[in-house]
Amino acid sequence: MQPDTTNTAAWSGERLRGLLRGGADHDAELGAELHRLRREQIDRPVIFVGAGTCGLGAGAGKVLAAVRAHLAAGGIDADVVETGCIGLCSEEPLLEVQLPGRARTVFSRVKPQDVPGILDAMLAGTVPTAHYLGQHGPQGLRRWDGLAALADHPFFARQTRWVLRNCGLIDPGRIDEALACGGYRGLAKALRTLTPAEVCAEVERSGLRGRGGGGFPTGRKWTFALNTAADQRYMICNADEGDPGAFMDRAVIEGDPHRVLEGWPWPPTRSAPPRPTSTSAPSTRWPSGACARPSPRPRPAACSATTSWAAASTSRWSSRWGPAPSSAARRPR
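This is a predicted model, so every value here is computed, not measured. (Residues numbered from 1 in each chain as written. Predicted model: local features only at pLDDT ≥ 70, side-chain atom pairs only at ≥ 80, totals over all residues. Heavy atoms only, no water.)

(A) Broad picture of the sheet that holds strand 2 (residues 79-83). Here we have five strands laid out as an open sheet, ordered 2-1-3-4-5, and mixed in their pairing. Because the sheet does not close on itself, it has two edges, and the strands there are strand 2 and strand 5 (132-135). If you compare each strand with its neighbour and ignore which way they point, the axes differ by 20° on average. The pairing of strand 1 (residues 46-50) with strand 3 (residues 95-98) spans four bridges and is antiparallel. Paired with valine 49 across the bridge in strand 3 is leucine 95. (Pairing = 2+ DSSP bridges. Helix = DSSP H or I, 4+ residues; strand = E, 2+ residues; numbered from the N terminus. Axes fitted to C-alpha atoms, helices over the stretch in contact; angles between N-to-C directions.)

Have a look at this one:
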């Protein structure tokens, strides 16, 4: 995937400031653009393929090629969008189809040979039951009668998604789609209305903490950085996948890297601004050129603020079973 830069003009100057202030309701032109970017209004079919690591491992690359080949062979005018993982990795590869005015439908465990039948049926106005997984909420769109909603699937029914809300739904390589879905508003608020100490207090009140075992509060780490004298600080995003099969950091970075990028500039400073860097496993797939892969060995700094973005694991645990237990509670007896 390559980042799309064709819509950058729509997010410049007063329009971007109005969006970040939540002023789209008073700008009809901007409101229409937001509906388009959120795909609440489309004028041609959109085909989505889950292209996260789990999807690619299950064969999503071949499914994507089959989609493009079938559209080209039939002269079909449709958009093709690569997304991240929605979290239900066992059902990959996922193929989703949205028609103008209709809810977005999801098909699971799709093979390349299944693509022509699914697309032809959908374009003819019929949802095939084979491989059908669910349909997304209406958002003003007409739902398909008699077919289950994806939100009612046992895996999703008890979840309330925060960090993963946009994963699998947006094109991770397009910042305009992230902005249309509320991205970067928290950063804008922090830079515009909060002091460094207030940012630390807000993060500590949120309960955000590391998921590596100790569960240390992130806001407290940032407070340590604020109160430590240093000429240069480093903010480290720990994107390493140390637990086999966990993919907790990777799910966010692949599906919605803007969540990480928005939080990265927040660490407070009293002197030089923090220099962001990252550590990652060699297999981490950096999406769409959204951020260049940095050196795995940042040079030492006088003060370092670290945090772990294991948000997917946190979301799934807390939404299904309540607050995660402490490391001591998880330790075998």
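(B) Geometry of the confidence of the model for the protein chain. On average, the protein chain scores 77 in pLDDT, and the residues at 70 or more come to 69%. Contacts of residues 281-333 to residues separated by more than four positions or lying in other chains number 115 contacts, the stretch itself having pLDDT below 50. (pLDDT = per-residue confidence, 0-100. Contact = heavy atoms within 4.5 Å.)

(C) Focus on the packing of aromatic side chains. Scanning all chains against the criterion turns up three aromatic pairs. Centre to centre, the rings of phenylalanine 107 and tyrosine 132 are 6.1 Å apart; their planes meet at 75°, and the pair counts as edge-to-face. On the criterion of sequence distance, the pair formed by phenylalanine 107 in strand 4 (residues 105-107) and tyrosine 132 in strand 5 is long-range, its members being 25 residues apart. Accessibility classification places phenylalanine 107 together with tyrosine 132 in one group, the buried group. Seen in terms of ring centroids, phenylalanine 155 and phenylalanine 156 are 4.9 Å apart; in terms of plane orientation they differ by 90°. Their pairing is edge-to-face. The burial state of phenylalanine 155 is the same as that of phenylalanine 156; both residues are buried. Just above the ring of phenylalanine 48 sits the side chain of arginine 104; from NZ or CZ to the centre is 3.4 Å. Note that arginine 220 overlies the ring of phenylalanine 216, its terminal NZ or CZ placed 5.8 Å from the centroid. (Phe/Tyr/Trp six-rings, centres within 6.5 Å; stacked < 30°, edge-to-face > 60°. Buried < 20%, exposed > 50% of the residue type's maximum accessible area, 1.4 Å probe, protein only. Lys NZ or Arg CZ within 6 Å of the ring centre and 35° of its normal.)

(D) Spotlight on the packing of helix 4 (residues 60-74) against helix 5 (residues 115-123). Between helix 4 and helix 5, whose axes approach to 9 Å, the crossing angle comes to 50°. As far as their axial angle goes, helix 5 and helix 4 are oblique. Crossing angle aside, the handedness with which helix 4 passes helix 5 is right-handed. Between helix 4 and helix 5, the residues in contact are Val63, Ala66, Val67, His70 and Leu71 and Val115, Pro116, Leu119 and Asp120, respectively. Split by residue class, the contact of helix 4 with helix 5 holds seven nonpolar, one polar and one charged. (Parallel < 35°, antiparallel > 145°, perpendicular 65-115°, else oblique. Left-handed = near helix turned anticlockwise from the far one by under 90°. Nonpolar A, V, L, I, M, F, W, Y, C, P; charged D, E, K, R; others polar.)

(E) Seen up close, helix 8 (residues 196-206). What helix 8 keeps buried is the set Val199, Cys200 and Val203. Down the axis of helix 8, the buried side of the element spans an arc of 100°, and every buried residue falls inside it. A positive phi of about 85° marks glycine 207, the residue just after helix 8. (Arc of directions from axis to C-beta.)

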